[in-house]
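Report on the structure
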Amino acid sequence: MVDVGAKPDSRRVAIASGRIKMRPATFRLIAAGRAKKGDVLGIARIAAIQAAKRAPELIPLAHPIALTRVAVSFELLRKRSTIVLTARVECRGQTGVEMEALTAAAVGLLTVYDMVKAVDRGMTLTGLRLEEKRGGKSGTFRRSLT
C-alpha cells in the first residue's frame, strides 16, 4: 500500500457511473417493480452501498476508508431500455474514494443483472467510469462531455 500517513486530511468526493442496457420488456418489468426477486433498484442501491464500504476487501492494496456518505441514484432511459446508476462517495481523509465509487457502481449494476437474468441474459453493462473527483493534492477532475 502507498503510505498516506503524512498527507493532510481533506474532504474527498468521487462520483462514478455505469449503464445496463436490456430488452424493453425487461426494462418495463424493473420500472414497474414487478420482478420476481423483488425491488430491483432498491436492492441494487443497498448492494452498491455495501460494495463501497467493502472496496478495500475486494481491491488489493486499497486503503480502508471511513466513508461519511454513499448515495446511489438511478436514471431510467425508457427509449433506450437502459438504466444509468450513479454512485457518490464521500469521506474526510488522507486518500480518495474513487475506487469505492467505481466499485459501488459496478456492483449495483451487477445486482440489477442478477435480479432479472432469468428473463434477459443478454443485458449489457457499459460505460463504468469516474465522472468526478474532488479533494486531495491532485485537486478536481471532471469528465468532459466529449
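These numbers were taken from a predicted model, which means no experiment stands behind them.

About the cut-offs
Residues numbered from 1 in each chain as written. Predicted model: local features only at pLDDT ≥ 70, side-chain atom pairs only at ≥ 80, totals over all residues. Heavy atoms only, no water. Helix = DSSP H or I, 4+ residues; strand = E, 2+ residues; numbered from the N terminus. Expected span 1.5 Å × (residues − 1). Bend = angle between axes of the 7 residues up to and from the residue. Buried < 20%, exposed > 50% of the residue type's maximum accessible area, 1.4 Å probe, protein only. Contact = heavy atoms within 4.5 Å. Pairing = 2+ DSSP bridges. Axes fitted to C-alpha atoms, helices over the stretch in contact; angles between N-to-C directions. Core = buried A, V, L, I, M, F, W, Y, C linked by side-chain atoms within 4.5 Å. Salt bridge = Lys/Arg side-chain N within 4 Å of Asp/Glu carboxyl O.

**With respect to helix α2 (residues 40-58)**
Taking 1.5 Å as the rise per residue, α2 with 19 residues should run 27 Å; its terminal C-alpha atoms sit only 23 Å apart, a clear shortfall. The largest bend in α2 comes to about 50°, at Ala52, with the proline Pro56 one to four residues further on. Residues of α2 that are buried: Val40, Leu41, Gly42, Ala44, Ala47, Ala48, Ala51, Ala52 and Ala55. Taken together, the buried residues of α2 touch α1 (24-31), β2 (67-77), β3 (82-93) and α3 (98-116).

**Things to note about the sheet that holds strand β5 (residues 141-142)**
Ordered by their spatial adjacency, five strands build an open sheet running β2-β3-β1-β4-β5, and the pairing between neighbours is antiparallel. Of all the strands in the sheet, the pair left with one neighbour each is β2 and β5. Where β2 and β3 come together, 10 bridges link them in antiparallel fashion. Pairing of Ala71 across the sheet is with Arg88, part of β3. Strand contacts of α2: β2 and β3, with the helix running at about 145° to β2, the strand carrying the most contacts.

**Focus: the nonpolar core**
One finds Met22, Ile30, Ile83 and Val112 to be the most contacted residues of the largest nonpolar core, which totals 32 residues. When contributions to this core are tallied by element, the ones reaching two or more residues are β1 (10-21), α1, α2, β2, β3 and α3. When residues in this core are grouped by element, the largest group, eight residues, is from α3. In contact with Ile30, not counting residues within four places along its chain, are Met22, Val40, Leu41, Ile83, Val112 and Val116.

**Notes on the pattern of salt bridges**
One pass over the structure, following the stated rule, counts nine salt bridges. Glu90 is the salt-bridge partner of Arg69, the closest N and O atoms lying 3.1 Å from each other. Linking Arg69 in strand β2 with Glu90 in strand β3, this pair joins segments that are 21 residues apart in sequence. For Glu90, a relative accessible area of 8% translates into the label buried. Arg88 is the salt-bridge partner of Glu90, the closest N and O atoms lying 2.6 Å from each other. Connected via shared salt-bridge partners are Arg11, Arg69, Arg88 and Glu90.

**With respect to the side chain of Ser81**
Considering the arrangement of structural elements, one finds Ser81 in the loop between β2 and β3. With sequence-adjacent residues up to four places away left out, Ser81 is seen in contact with Ile20, Lys21, Met22, Arg23, Pro24 and Phe27.

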